[in-house]
Amino acid sequence: MVNNEILDKVERCVQNQNTWRETKTINLIASENHISRTAEKFSISDFSHRYAEGLVNQREYQGQKYQDEIEEIAITSVKNLFRSKYADVRCPTATIANISIYYGLCKSGNIMFSLSVPNGAHISMRKFGGAGLRGLKIYDIPFDFDNYTIDMDLFGNLILGLKPRIITLGASVFLFPHPVQEIKKICEDLETIIHYDGSHVLGLIAGGEFQDPLREGADILMGSTHKTFPGPQGAIICTNNREILSHVEKGIFPGTVSNHHLHRLPPLAITCEEMVEFGEEYAQQIVKNAKAFARYLYLKGFDVIGKKIGYTKSHQIVINLSEHGKGLKNAISLEHADIITNKNLIHGDEVNSVKDPSGLRLGVQEMTRFGMKEEDFGVVADFFERVIINDESPSRVREDVNEFRSKYLKIFYSFD
Ligand SMILES: Cc1ncc(COP(=O)(O)O)c(C=O)c1O
(Lines give C-alpha, C1' and ligand atoms only; values in the text may rest on other atoms or scores of the structure.)
Protein backbone atom coordinates (compact mmCIF):
# COMPACT_ATOMS: atom_id res chain seq x y z
CA MET A 1 0.00 0.00 0.00
CA VAL A 2 1.36 3.43 -0.93
CA ASN A 3 1.91 5.70 2.03
CA ASN A 4 1.11 9.21 0.92
CA GLU A 5 -0.50 11.87 3.07
CA ILE A 6 -2.24 13.67 0.21
CA LEU A 7 -3.64 10.42 -1.17
CA ASP A 8 -5.11 9.66 2.26
CA LYS A 9 -6.59 13.13 2.50
CA VAL A 10 -8.12 12.87 -0.96
CA GLU A 11 -9.63 9.49 -0.13
CA ARG A 12 -11.09 10.79 3.11
CA CYS A 13 -12.46 13.92 1.46
CA VAL A 14 -14.21 11.91 -1.27
CA GLN A 15 -15.66 9.50 1.28
CA ASN A 16 -16.85 12.37 3.46
CA GLN A 17 -18.51 14.07 0.49
CA ASN A 18 -20.26 10.86 -0.54
CA THR A 19 -21.49 10.08 2.95
CA TRP A 20 -22.61 13.62 3.73
CA ARG A 21 -24.35 14.55 0.49
CA GLU A 22 -25.65 11.09 -0.46
CA THR A 23 -26.87 9.81 2.91
CA LYS A 24 -27.23 12.63 5.43
CA THR A 25 -28.40 15.80 3.73
CA ILE A 26 -31.73 16.75 2.25
CA ASN A 27 -30.62 18.36 -1.00
CA LEU A 28 -32.97 21.04 -2.31
CA ILE A 29 -30.61 22.74 -4.76
CA ALA A 30 -32.85 23.09 -7.82
CA SER A 31 -29.98 22.64 -10.30
CA GLU A 32 -28.62 19.33 -9.02
CA ASN A 33 -29.55 15.68 -9.13
CA HIS A 34 -28.04 12.22 -8.80
CA ILE A 35 -27.42 9.81 -11.64
CA SER A 36 -28.45 6.21 -11.15
CA ARG A 37 -25.88 3.68 -9.93
CA THR A 38 -26.27 1.98 -13.32
CA ALA A 39 -25.35 5.17 -15.19
CA GLU A 40 -22.63 5.94 -12.64
CA LYS A 41 -20.96 2.59 -13.36
CA PHE A 42 -20.43 3.71 -16.97
CA SER A 43 -19.12 7.17 -16.03
CA ILE A 44 -15.54 6.03 -15.53
CA SER A 45 -13.97 4.75 -18.71
CA ASP A 46 -11.17 5.27 -21.19
CA PHE A 47 -13.41 7.84 -22.89
CA SER A 48 -12.35 10.32 -20.21
CA HIS A 49 -8.80 10.26 -21.60
CA ARG A 50 -9.63 11.02 -25.25
CA TYR A 51 -10.34 13.76 -27.74
CA ALA A 52 -12.92 13.58 -30.52
CA GLU A 53 -12.87 17.00 -32.17
CA GLY A 54 -15.42 17.45 -34.94
CA LEU A 55 -18.53 15.48 -35.80
CA VAL A 56 -19.15 11.72 -35.77
CA ASN A 57 -17.20 10.09 -38.63
CA GLN A 58 -15.56 13.45 -39.43
CA ARG A 59 -12.93 13.66 -36.69
CA GLU A 60 -9.55 15.30 -36.59
CA TYR A 61 -7.65 12.38 -34.94
CA GLN A 62 -7.45 8.62 -35.39
CA GLY A 63 -8.59 6.09 -32.77
CA GLN A 64 -12.23 7.10 -32.86
CA LYS A 65 -14.26 4.01 -33.76
CA TYR A 66 -15.85 3.52 -30.32
CA GLN A 67 -15.99 7.28 -29.68
CA ASP A 68 -18.03 7.68 -32.86
CA GLU A 69 -20.21 4.76 -31.81
CA ILE A 70 -20.96 6.07 -28.31
CA GLU A 71 -21.66 9.59 -29.57
CA GLU A 72 -24.04 8.23 -32.21
CA ILE A 73 -25.84 6.16 -29.56
CA ALA A 74 -26.18 9.22 -27.30
CA ILE A 75 -27.41 11.42 -30.17
CA THR A 76 -30.01 8.83 -31.17
CA SER A 77 -31.23 8.45 -27.57
CA VAL A 78 -31.55 12.23 -27.16
CA LYS A 79 -33.39 12.62 -30.48
CA ASN A 80 -35.83 9.84 -29.57
CA LEU A 81 -36.52 11.20 -26.11
CA PHE A 82 -37.07 14.82 -27.16
CA ARG A 83 -38.60 13.95 -30.55
CA SER A 84 -36.20 16.20 -32.44
CA LYS A 85 -34.76 15.64 -35.89
CA TYR A 86 -31.27 16.66 -34.80
CA ALA A 87 -29.27 16.72 -31.59
CA ASP A 88 -25.79 17.68 -30.51
CA VAL A 89 -24.36 16.27 -27.30
CA ARG A 90 -20.91 17.86 -27.30
CA CYS A 91 -21.30 20.82 -24.96
CA PRO A 92 -19.88 19.96 -21.53
CA THR A 93 -22.06 22.62 -19.86
CA ALA A 94 -25.21 24.60 -20.66
CA THR A 95 -23.25 27.85 -20.40
CA ILE A 96 -21.04 26.61 -23.24
CA ALA A 97 -24.15 25.49 -25.15
CA ASN A 98 -25.60 29.00 -24.88
CA ILE A 99 -22.33 30.60 -25.93
CA SER A 100 -22.12 28.19 -28.90
CA ILE A 101 -25.66 29.11 -29.94
CA TYR A 102 -24.99 32.86 -29.74
CA TYR A 103 -21.62 32.43 -31.43
CA GLY A 104 -22.97 30.25 -34.25
CA LEU A 105 -26.21 32.09 -34.96
CA CYS A 106 -25.62 35.75 -34.08
CA LYS A 107 -23.30 38.59 -34.92
CA SER A 108 -21.94 41.24 -32.61
CA GLY A 109 -24.50 44.04 -32.28
CA ASN A 110 -27.52 41.80 -32.94
CA ILE A 111 -30.55 42.38 -30.74
CA MET A 112 -31.63 39.71 -28.28
CA PHE A 113 -34.17 39.39 -25.51
CA SER A 114 -33.91 37.50 -22.23
CA LEU A 115 -35.42 37.90 -18.75
CA SER A 116 -33.58 40.02 -16.19
CA VAL A 117 -31.68 38.11 -13.50
CA PRO A 118 -34.10 39.02 -10.64
CA ASN A 119 -36.90 37.69 -12.86
CA GLY A 120 -35.09 34.39 -13.34
CA ALA A 121 -32.45 34.63 -16.10
CA HIS A 122 -29.23 32.68 -16.00
CA ILE A 123 -26.14 34.81 -16.34
CA SER A 124 -25.14 33.04 -19.59
CA MET A 125 -28.08 34.79 -21.32
CA ARG A 126 -27.15 38.25 -20.03
CA LYS A 127 -24.61 41.01 -20.57
CA PHE A 128 -22.04 39.75 -18.06
CA GLY A 129 -22.24 36.18 -19.40
CA GLY A 130 -22.21 34.44 -22.77
CA ALA A 131 -24.63 36.79 -24.56
CA GLY A 132 -22.48 39.76 -23.59
CA LEU A 133 -19.33 37.94 -24.72
CA ARG A 134 -20.89 37.69 -28.19
CA GLY A 135 -21.50 41.45 -28.14
CA LEU A 136 -25.29 41.13 -28.32
CA LYS A 137 -27.49 44.08 -27.52
CA ILE A 138 -29.65 42.67 -24.76
CA TYR A 139 -33.15 43.85 -23.88
CA ASP A 140 -35.23 42.62 -20.92
CA ILE A 141 -38.28 40.48 -21.56
CA PRO A 142 -41.11 42.16 -19.60
CA PHE A 143 -42.29 40.07 -16.70
CA ASP A 144 -45.78 39.61 -15.27
CA PHE A 145 -45.13 38.96 -11.59
CA ASP A 146 -48.77 38.16 -10.76
CA ASN A 147 -48.73 35.21 -13.14
CA TYR A 148 -44.99 34.61 -12.78
CA THR A 149 -44.38 34.50 -16.51
CA ILE A 150 -43.71 36.73 -19.51
CA ASP A 151 -45.93 39.79 -19.92
CA MET A 152 -47.20 39.27 -23.46
CA ASP A 153 -49.15 42.55 -23.56
CA LEU A 154 -45.86 44.40 -23.44
CA PHE A 155 -43.57 41.86 -25.11
CA GLY A 156 -45.48 41.54 -28.40
CA ASN A 157 -44.97 45.20 -29.28
CA LEU A 158 -41.34 45.14 -28.26
CA ILE A 159 -40.66 42.17 -30.56
CA LEU A 160 -42.37 43.83 -33.52
CA GLY A 161 -40.57 47.12 -32.86
CA LEU A 162 -37.05 45.77 -32.32
CA LYS A 163 -37.12 42.64 -34.56
CA PRO A 164 -34.60 40.70 -32.47
CA ARG A 165 -32.20 38.17 -33.98
CA ILE A 166 -32.78 35.82 -31.05
CA ILE A 167 -35.15 35.48 -28.10
CA THR A 168 -33.89 33.35 -25.23
CA LEU A 169 -36.71 31.85 -23.21
CA GLY A 170 -36.29 29.69 -20.13
CA ALA A 171 -34.84 30.62 -16.76
CA SER A 172 -33.01 29.57 -13.63
CA VAL A 173 -36.01 30.54 -11.52
CA PHE A 174 -38.68 28.84 -13.57
CA LEU A 175 -42.02 28.23 -11.88
CA PHE A 176 -44.47 28.47 -14.76
CA PRO A 177 -44.20 27.73 -18.53
CA HIS A 178 -43.32 30.45 -20.99
CA PRO A 179 -45.77 31.40 -23.79
CA VAL A 180 -43.72 29.88 -26.62
CA GLN A 181 -46.68 29.47 -28.97
CA GLU A 182 -47.74 33.11 -28.65
CA ILE A 183 -44.19 34.34 -29.18
CA LYS A 184 -43.75 32.11 -32.22
CA LYS A 185 -46.92 33.56 -33.75
CA ILE A 186 -45.66 37.12 -33.29
CA CYS A 187 -42.32 36.17 -34.86
CA GLU A 188 -43.91 34.48 -37.89
CA ASP A 189 -42.80 37.15 -40.39
CA LEU A 190 -39.49 37.92 -38.67
CA GLU A 191 -36.16 36.13 -38.88
CA THR A 192 -36.07 35.75 -35.13
CA ILE A 193 -34.72 32.54 -33.62
CA ILE A 194 -36.59 31.24 -30.60
CA HIS A 195 -34.07 29.65 -28.29
CA TYR A 196 -35.54 27.83 -25.29
CA ASP A 197 -33.11 27.23 -22.44
CA GLY A 198 -34.71 24.24 -20.75
CA SER A 199 -31.77 23.62 -18.40
CA HIS A 200 -33.96 23.51 -15.32
CA VAL A 201 -36.96 21.72 -16.72
CA LEU A 202 -35.38 19.28 -19.20
CA GLY A 203 -36.37 16.21 -17.15
CA LEU A 204 -39.93 17.52 -16.90
CA ILE A 205 -40.10 18.11 -20.65
CA ALA A 206 -38.74 14.60 -21.28
CA GLY A 207 -41.45 13.22 -18.97
CA GLY A 208 -44.26 15.16 -20.69
CA GLU A 209 -44.72 17.78 -17.95
CA PHE A 210 -44.36 21.57 -17.90
CA GLN A 211 -44.36 22.31 -21.66
CA ASP A 212 -43.17 20.96 -25.01
CA PRO A 213 -41.03 23.77 -26.49
CA LEU A 214 -40.21 22.20 -29.87
CA ARG A 215 -43.86 21.42 -30.62
CA GLU A 216 -44.93 24.87 -29.38
CA GLY A 217 -42.60 26.66 -31.79
CA ALA A 218 -39.10 26.91 -30.31
CA ASP A 219 -36.37 26.62 -32.94
CA ILE A 220 -33.88 25.30 -30.40
CA LEU A 221 -34.35 23.40 -27.16
CA MET A 222 -31.18 23.12 -25.13
CA GLY A 223 -30.38 22.46 -21.51
CA SER A 224 -28.35 20.91 -18.75
CA THR A 225 -28.42 17.14 -18.42
CA HIS A 226 -28.09 17.18 -14.63
CA LYS A 227 -30.91 19.24 -13.10
CA THR A 228 -34.39 17.75 -13.43
CA PHE A 229 -32.89 15.58 -16.17
CA PRO A 230 -31.07 13.15 -13.88
CA GLY A 231 -27.98 12.49 -15.98
CA PRO A 232 -24.27 13.28 -15.95
CA GLN A 233 -23.22 16.94 -15.84
CA GLY A 234 -23.32 18.34 -19.37
CA ALA A 235 -25.71 19.76 -21.95
CA ILE A 236 -27.64 18.88 -25.08
CA ILE A 237 -28.96 20.92 -27.99
CA CYS A 238 -31.99 19.79 -30.03
CA THR A 239 -33.55 21.31 -33.14
CA ASN A 240 -35.67 20.32 -36.12
CA ASN A 241 -33.96 22.84 -38.40
CA ARG A 242 -30.95 21.61 -40.41
CA GLU A 243 -29.65 25.11 -41.13
CA ILE A 244 -29.78 26.13 -37.48
CA LEU A 245 -28.01 22.90 -36.56
CA SER A 246 -25.15 23.51 -38.95
CA HIS A 247 -24.52 27.03 -37.57
CA VAL A 248 -24.65 25.76 -34.00
CA GLU A 249 -22.31 22.88 -34.86
CA LYS A 250 -19.72 25.42 -35.99
CA GLY A 251 -20.38 27.44 -32.84
CA ILE A 252 -19.44 24.32 -30.86
CA PHE A 253 -16.41 23.28 -32.92
CA PRO A 254 -14.26 25.07 -33.86
CA GLY A 255 -16.08 27.80 -31.89
CA THR A 256 -16.14 26.98 -28.20
CA VAL A 257 -15.40 23.30 -27.53
CA SER A 258 -12.36 21.19 -28.30
CA ASN A 259 -12.38 18.24 -25.91
CA HIS A 260 -16.02 17.50 -25.24
CA HIS A 261 -15.65 15.25 -22.17
CA LEU A 262 -16.60 11.97 -23.81
CA HIS A 263 -17.02 10.08 -20.54
CA ARG A 264 -20.42 11.86 -20.20
CA LEU A 265 -21.84 10.07 -23.19
CA PRO A 266 -22.37 6.48 -21.89
CA PRO A 267 -24.25 7.69 -18.75
CA LEU A 268 -26.13 10.25 -20.88
CA ALA A 269 -27.44 7.50 -23.18
CA ILE A 270 -28.37 5.31 -20.20
CA THR A 271 -30.22 8.18 -18.49
CA CYS A 272 -32.17 8.86 -21.70
CA GLU A 273 -33.29 5.24 -21.74
CA GLU A 274 -34.25 5.47 -18.05
CA MET A 275 -36.32 8.52 -18.90
CA VAL A 276 -38.08 6.63 -21.72
CA GLU A 277 -39.00 3.92 -19.19
CA PHE A 278 -39.71 5.97 -16.06
CA GLY A 279 -39.69 9.64 -17.10
CA GLU A 280 -43.42 10.20 -17.10
CA GLU A 281 -43.94 8.86 -13.60
CA TYR A 282 -40.81 10.68 -12.33
CA ALA A 283 -41.81 14.05 -13.82
CA GLN A 284 -45.38 13.79 -12.51
CA GLN A 285 -44.15 12.97 -9.02
CA ILE A 286 -41.74 15.93 -9.08
CA VAL A 287 -44.54 18.38 -9.86
CA LYS A 288 -46.85 16.80 -7.26
CA ASN A 289 -44.08 17.01 -4.65
CA ALA A 290 -43.25 20.63 -5.49
CA LYS A 291 -46.89 21.69 -5.17
CA ALA A 292 -47.29 19.79 -1.90
CA PHE A 293 -44.07 21.22 -0.43
CA ALA A 294 -45.10 24.76 -1.40
CA ARG A 295 -48.47 24.29 0.30
CA TYR A 296 -46.95 22.82 3.46
CA LEU A 297 -44.55 25.79 3.65
CA TYR A 298 -47.40 28.23 3.07
CA LEU A 299 -49.42 26.63 5.88
CA LYS A 300 -46.43 27.05 8.19
CA GLY A 301 -46.57 30.80 7.48
CA PHE A 302 -43.89 31.15 4.80
CA ASP A 303 -44.34 33.72 2.02
CA VAL A 304 -44.33 31.33 -0.93
CA ILE A 305 -44.14 33.01 -4.34
CA GLY A 306 -47.09 32.26 -6.61
CA LYS A 307 -49.56 31.42 -3.85
CA LYS A 308 -52.50 32.81 -5.86
CA ILE A 309 -51.70 30.71 -8.92
CA GLY A 310 -50.88 27.32 -7.42
CA TYR A 311 -47.25 28.09 -6.43
CA THR A 312 -45.49 26.19 -9.22
CA LYS A 313 -45.78 23.89 -12.21
CA SER A 314 -42.13 22.85 -12.11
CA HIS A 315 -39.71 21.28 -9.61
CA GLN A 316 -39.06 24.66 -7.99
CA ILE A 317 -40.51 26.64 -5.13
CA VAL A 318 -39.39 30.13 -4.20
CA ILE A 319 -39.87 31.62 -0.75
CA ASN A 320 -39.48 35.25 0.16
CA LEU A 321 -37.65 35.50 3.49
CA SER A 322 -37.42 39.28 3.74
CA GLU A 323 -39.42 39.03 6.99
CA HIS A 324 -37.11 36.33 8.38
CA GLY A 325 -33.62 37.72 7.80
CA LYS A 326 -33.41 37.22 4.01
CA GLY A 327 -31.74 34.46 2.00
CA LEU A 328 -28.12 34.14 3.09
CA LYS A 329 -28.58 33.80 6.86
CA ASN A 330 -31.30 31.19 6.42
CA ALA A 331 -29.42 29.19 3.79
CA ILE A 332 -26.51 28.99 6.26
CA SER A 333 -28.74 27.96 9.18
CA LEU A 334 -30.41 25.30 7.05
CA GLU A 335 -26.99 23.98 6.01
CA HIS A 336 -26.09 23.60 9.71
CA ALA A 337 -29.19 21.40 9.88
CA ASP A 338 -27.97 19.43 6.81
CA ILE A 339 -30.62 20.92 4.53
CA ILE A 340 -28.93 22.25 1.41
CA THR A 341 -30.53 25.21 -0.40
CA ASN A 342 -29.41 28.37 -2.18
CA LYS A 343 -30.15 32.02 -1.58
CA ASN A 344 -31.70 33.61 -4.65
CA LEU A 345 -32.61 36.95 -6.12
CA ILE A 346 -36.37 37.30 -6.44
CA HIS A 347 -38.62 39.71 -8.29
CA GLY A 348 -38.24 43.13 -6.66
CA ASP A 349 -34.61 42.58 -5.53
CA GLU A 350 -31.92 44.83 -6.94
CA VAL A 351 -29.59 42.86 -9.21
CA ASN A 352 -26.64 43.97 -7.05
CA SER A 353 -28.16 42.46 -3.90
CA VAL A 354 -27.00 39.09 -5.21
CA LYS A 355 -24.82 38.45 -2.11
CA ASP A 356 -27.82 38.68 0.22
CA PRO A 357 -31.04 38.49 -1.73
CA SER A 358 -34.51 38.08 -0.25
CA GLY A 359 -35.29 34.59 -1.43
CA LEU A 360 -34.49 30.92 -1.25
CA ARG A 361 -34.96 28.73 -4.33
CA LEU A 362 -35.86 25.13 -3.57
CA GLY A 363 -36.04 22.12 -5.90
CA VAL A 364 -37.60 18.76 -5.08
CA GLN A 365 -36.20 16.73 -8.00
CA GLU A 366 -33.29 14.98 -6.25
CA MET A 367 -35.27 13.99 -3.19
CA THR A 368 -38.05 12.77 -5.49
CA ARG A 369 -35.50 10.54 -7.18
CA PHE A 370 -34.52 9.20 -3.75
CA GLY A 371 -38.14 8.21 -3.22
CA MET A 372 -39.80 11.07 -1.32
CA LYS A 373 -43.52 11.60 -1.88
CA GLU A 374 -45.93 14.46 -1.07
CA GLU A 375 -46.31 13.67 2.65
CA ASP A 376 -42.52 13.48 3.10
CA PHE A 377 -42.30 17.12 2.10
CA GLY A 378 -44.61 17.87 5.02
CA VAL A 379 -41.79 16.58 7.25
CA VAL A 380 -39.25 18.72 5.35
CA ALA A 381 -41.52 21.76 5.85
CA ASP A 382 -41.51 21.00 9.62
CA PHE A 383 -37.70 21.20 9.56
CA PHE A 384 -37.91 24.59 7.81
CA GLU A 385 -40.34 25.85 10.45
CA ARG A 386 -38.08 24.68 13.29
CA VAL A 387 -34.95 26.34 11.84
CA ILE A 388 -36.34 29.54 10.32
CA ILE A 389 -39.51 30.39 12.24
CA ASN A 390 -38.92 28.77 15.65
CA ASP A 391 -35.17 29.54 15.69
CA GLU A 392 -34.42 26.08 17.05
CA SER A 393 -30.74 25.11 17.18
CA PRO A 394 -29.83 23.73 13.71
CA SER A 395 -27.64 21.04 15.27
CA ARG A 396 -30.67 19.62 17.12
CA VAL A 397 -32.74 19.68 13.94
CA ARG A 398 -29.83 18.04 12.10
CA GLU A 399 -30.19 14.83 14.15
CA ASP A 400 -33.79 14.47 12.96
CA VAL A 401 -32.85 15.42 9.39
CA ASN A 402 -30.15 12.72 9.29
CA GLU A 403 -32.48 10.11 10.73
CA PHE A 404 -35.23 11.02 8.22
CA ARG A 405 -32.82 11.06 5.25
CA SER A 406 -31.47 7.61 6.17
CA LYS A 407 -34.81 6.13 4.98
CA TYR A 408 -34.28 7.44 1.42
CA LEU A 409 -31.10 5.96 0.00
CA LYS A 410 -32.28 4.05 -3.07
CA ILE A 411 -32.47 5.80 -6.43
CA PHE A 412 -35.86 5.34 -8.08
CA TYR A 413 -37.03 5.87 -11.69
CA SER A 414 -33.84 4.13 -12.86
CA PHE A 415 -32.44 0.77 -13.97
CA ASP A 416 -30.85 0.23 -10.51
C1 LIG B 1 -31.35 28.45 -17.29
C2 LIG B 1 -29.91 28.02 -17.15
N3 LIG B 1 -29.14 28.02 -18.24
C4 LIG B 1 -27.85 27.65 -18.18
C5 LIG B 1 -27.29 27.24 -17.00
C6 LIG B 1 -25.85 26.86 -16.98
O7 LIG B 1 -25.66 25.52 -16.75
P8 LIG B 1 -24.21 24.90 -16.58
O9 LIG B 1 -23.92 24.97 -15.13
O10 LIG B 1 -24.34 23.52 -17.10
O11 LIG B 1 -23.26 25.75 -17.36
C12 LIG B 1 -28.05 27.22 -15.84
C13 LIG B 1 -27.43 26.77 -14.57
O14 LIG B 1 -27.93 26.68 -13.53
C15 LIG B 1 -29.40 27.64 -15.91
O16 LIG B 1 -30.17 27.67 -14.82
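Residues numbered from 1 in each chain as written. Predicted model: local features only at pLDDT ≥ 70, side-chain atom pairs only at ≥ 80, totals over all residues. Heavy atoms only, no water.

What's the story with the domain arrangement of the protein in this structure? I'm lost.
Think of interface size as the accessible area that goes away when the parts come together; that is how it is often given. In terms of domain boundaries, the protein breaks down into domain 1 (40–271) and domain 2 (278–405). Domain 1 and domain 2 are separated by 28 Å when their C-alpha centres are compared. Contacts between domain 1 and domain 2 engage 24 residues on the former and 27 residues on the latter. Carbon and sulfur atoms supply 67% of the area buried between domain 1 and domain 2, which totals about 2,100 Å² over both sides. It is Pro118, Leu175 and Phe176 in domain 1 that bury the most area against domain 2; as a group they hold 28% of the surface buried on that side. Summed over the shared surface of domain 1 and domain 2, the number is zero salt bridges. (Domains from an automatic or database assignment. Contact = heavy atoms within 4.5 Å. Buried area = accessible area lost by both parts, 1.4 Å probe. Salt bridge = Lys/Arg side-chain N within 4 Å of Asp/Glu carboxyl O.)

Which parts of the structure should I look at to understand the sheet that holds strand 17 (residues 359–363)?
Consider a sheet: its strands pair through backbone hydrogen bonds, and that pairing is either parallel or antiparallel. Taken in spatial order, the four strands line up as 13-14-17-16 in an open sheet, and their pairing is antiparallel. Strands with a single pairing partner mark the edges of an open sheet, and in this sheet they are strand 13 (303–304) and strand 16 (342–344). Bridge count between strand 16 and strand 17: three bridges; the pairing is antiparallel. Bridge pairing in strand 17 links Lys343 to Leu360. Sitting on the sheet, helix 11 (residues 265–299) is in contact with strand 13, strand 14 (316–320) and strand 17, with an inclination near 20 degrees to strand 14. (Pairing = 2+ DSSP bridges. Helix = DSSP H or I, 4+ residues; strand = E, 2+ residues; numbered from the N terminus. Axes fitted to C-alpha atoms, helices over the stretch in contact; angles between N-to-C directions.)

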